[in-house]
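Observations on the three-dimensional arrangement
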Amino acid sequence: MAEDCGEVQFFGVGGSPYARRVQIALKLKGVKYTYFEEDLRNKSELLLKYNPIYKKVPVLVHNGKPLAESLVILEYIDENWNKNYAILPQHPYDKAMARFWAKFIDEKCIPTVVKAAWTIQNEEREKAIQEATEALQFIENELKRYNHKFFGGDTIGLVDIAASFIAYWLPLLEEAADLTLLTVDKFPNLHKWSQEFTNHPVVKDNLPPRNGLLGFYKARYAALK
Amino acid sequence: MGEDNSNVVLLDFWPSSYGMRVKIALQEKGVSYECRQEDFEAKSSLLLEMNPIHKMIPVLIHNGKPICESLNIVEYIDEVWNHKPSLLPSDPYKRSQARFWGNYIDKNVYSRGKKVWNGKVEEKEESKKQFIECLKMLEEELGEKPYFGGDEFGYVDVALVPFTSWFYTYETLGNLSIEAFVPKLVGWTKRCMEKQSVAKSLPHPHNIYDFALKYREAHGYE
């Protein structure tokens, strides 16, 4: 018996890793929704109404009530729908660890990787690469410690969804911006996990097309040089 | 039948608003704990072992296992010692809003506040403007409710009230009157201070001020 999800609207941008997190979570839970693609240079009135503080995507609106910030939205999706699939672990300690790593990815991994990609000056680039490598090493060690298919164990969980940037966007940034970061010799566990994650039947169908994103990044890098 | 309190340790630094959040949460739940003060110039081997990634307080060590990041710890406390009072609402949407505002406070209050008392002198007026803007946003969210949590003190109140121990410092070193801009928020502060959990967990504002002066002397303006 399908769950009645109510009215769900999801505002995103195709290339945004944060928006795709929400999309993956909605699909994993089997939630039906209406999607609105935003143009960030010309934001819709609805987006500005539903997220007046940050004016960003993703935004989820459930029965007229808006939510913003991807990790907040993920927890809501987990608590509100389909108890048969758990995005967060059950035990309070494991939950706290999952939240910690998701936040670490947002505050350290993604910004350091993005900085490394878009920094041109040699010395500064080396420094940025070092910082990104250190951040990714912590994630690598975490995977190694638990030795499961996913951060969430046998199934995709909060940290896997948060780390989707590492699995899909990071390699494209490496290719577009002449960056060497996630090598298989330094990060064997992250490599293996990336393969599992991007080939997962739900994830595979909910990532942005490779060529479009690569083209966008290449153009940006060319403009910087 | 409650959770075992015998092995709860908090690694703290007394002027830290983040540490105060955890103390308030533990007090609200009636959890007894050992509080250990850290010295930032000489971090203990326990802190480095329990939080190797950020090397920061607060860290809650429960039965030997560390939990880091203050709002993460507050949620953990609420879930483990799940008797009343509840810090987070039970309704998923209200919970999401509480987390959203906790996150907003994390992103804005400390960094904007620090620029007011320790920022570049030439940027002071702009820093004050930004700080007040943030407080006004929070006052708007509070609205006419007694607490951010509604009728009951909750997660967002816990997230914000520690910073009020720094208000005297912001006002004195920043040369501004917070009450003039956000009177309702100041009213809320007084209401929170009537709660034992808050009164016991916040240092006297003058002690914070003395600390801030010494810090500025030692580190200069940033």
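Here goes a summary of the coordinates provided. This structure is a prediction, so every number in the text was calculated from the model and none was measured.

Turning our attention to the overall build of chain B. Along chain B, the regular secondary structure elements total 11 helices and four strands. Expected size for 222 residues packed as a compact globule is a radius of gyration near 17 Å; at 17 Å, chain B falls within 12% of this value. Oriented by its inertia axes, the alpha-carbon framework of chain B measures out at about 55 × 45 × 25 Å. Pairs at least 24 apart in sequence give 71% of the contacts found in chain B among residues at least 6 apart. Split by element, the accessible area of chain B, about 10300 Å² in all, is 51% carbon and sulfur. Computed over 28 positive and 33 negative side-chain charges, the separation of the two mean positions in chain B equals 2 Å.

For the rest of this paragraph, the subject is the nonpolar core. Buried together is how nonpolar side chains tend to be arranged in soluble globular proteins. In terms of nonpolar packing, the biggest core is built from 145 residues, with A:L60, A:I166 and B:L60 touching the most fellow members. Looking at which element gives the most residues to this core, the answer is helix 4 (residues 92-118) of chain A, with 15 residues. Once residues lying within four places of it in the same chain are set aside, the contact partners of B:L60 are B:V8, B:V9, B:L10, B:V22, B:L26, B:K65, B:P66, B:I67, B:I73, B:Y76 and B:I77. If you look at the next biggest cluster of nonpolar residues, it comprises seven residues, including A:V13, A:L47, A:Y50 and A:V59.

Attention shifts here to the packing of aromatic side chains. Evaluated as defined, the whole model comprises 34 aromatic pairs over all chains. Ring geometry for B:F167 against B:Y170: centres 6.2 Å apart, planes inclined by 50°, an arrangement best described as tilted. Note that B:F167 and B:Y170 are positioned in helix 7 (residues 167-174) at a spacing of three residues, about one turn of the helix. Each member of the pair, B:F167 together with B:Y170, is buried. Among the aromatic residues, those joined into a ring-pair cluster are B:F13, B:W14, B:F40, B:W117, B:F131, B:W166, B:F167, B:Y170, B:F211 and B:Y215. Against the face of A:Y93 rests B:K65, its NZ or CZ located 4.5 Å from the ring centre. It is B:K107 that lies over the ring of A:Y54; its NZ or CZ is 4.8 Å from the centre.

The interface of chain B with chain A comprises 27 residues on the first partner and 25 residues on the second. With both chains or domains summed, chain B and chain A bury close to 2400 Å², and 63% of this area falls on carbon and sulfur atoms. At the junction of chain B and chain A, the tally comes to eight salt bridges. Here B:E79 ties to A:R99 by a salt bridge, and the two come within 3.3 Å at their closest N and O atoms. Our count for the contact surface shared by chain B and chain A stands at 10 residue pairs in polar contact (both at pLDDT 80 or more). Of all the elements in the fold, those that place two or more residues in the side of chain B that touches chain A are strand 4 (65-68), helix 3 (70-80) and helix 4 (92-118) of chain B. Tallying contributions element by element places helix 4 of chain B first for the side of chain B that touches chain A, with 13 residues. Grouping the constituent residues of the side of chain B that touches chain A by class yields 13 nonpolar, six polar and eight charged.

Attention now moves to the sheet that holds strand 4 (residues 65-68) of chain A. Residue and element names in this part refer to chain A. In spatial order, the strands read 2-1-3-4; together these four strands make up an open sheet with mixed pairing. Strands with a single pairing partner mark the edges of an open sheet, and in this sheet they are strand 2 (34-37) and strand 4. Ignoring strand direction, the axes of neighbouring strands in this sheet form an average angle of 20°. Sheet topology places strand 1 (residues 8-12) next to strand 3 (residues 59-62); four bridges connect them, and they run antiparallel. Note on strand 3: the bridge partner recorded for V8 is H62. The sheet contacts of helix 1 (residues 17-29) involve strand 1 and strand 3, and relative to strand 1 the element is tilted by about 150°.

About the criteria used
- Residues numbered from 1 in each chain as written.
- Chains lettered and ligands numbered in written order.
- Predicted model: local features only at pLDDT ≥ 70, side-chain atom pairs only at ≥ 80, totals over all residues.
- Heavy atoms only, no water.
- Helix = DSSP H or I, 4+ residues; strand = E, 2+ residues; numbered from the N terminus.
- Rg over C-alpha atoms; globule rule 2.2 N^0.38 Å.
- Contact = heavy atoms within 4.5 Å.
- Areas by Shrake-Rupley, 256 points an atom, 1.4 Å probe, with all protein chains shown as cover.
- Lys, Arg positive; Asp, Glu negative; His and termini not counted.
- Charge placed at Lys NZ, Arg CZ, Asp CG, Glu CD.
- Core = buried A, V, L, I, M, F, W, Y, C linked by side-chain atoms within 4.5 Å.
- Buried < 20%, exposed > 50% of the residue type's maximum accessible area, 1.4 Å probe, protein only.
- Phe/Tyr/Trp six-rings, centres within 6.5 Å; stacked < 30°, edge-to-face > 60°.
- Lys NZ or Arg CZ within 6 Å of the ring centre and 35° of its normal.
- Buried area = accessible area lost by both parts, 1.4 Å probe.
- Salt bridge = Lys/Arg side-chain N within 4 Å of Asp/Glu carboxyl O.
- Polar contact = N/O pair within 3.5 Å; in protein donor to acceptor, adjacent residues only side chain to side chain.
- Nonpolar A, V, L, I, M, F, W, Y, C, P; charged D, E, K, R; others polar.
- Pairing = 2+ DSSP bridges.
- Axes fitted to C-alpha atoms, helices over the stretch in contact; angles between N-to-C directions.

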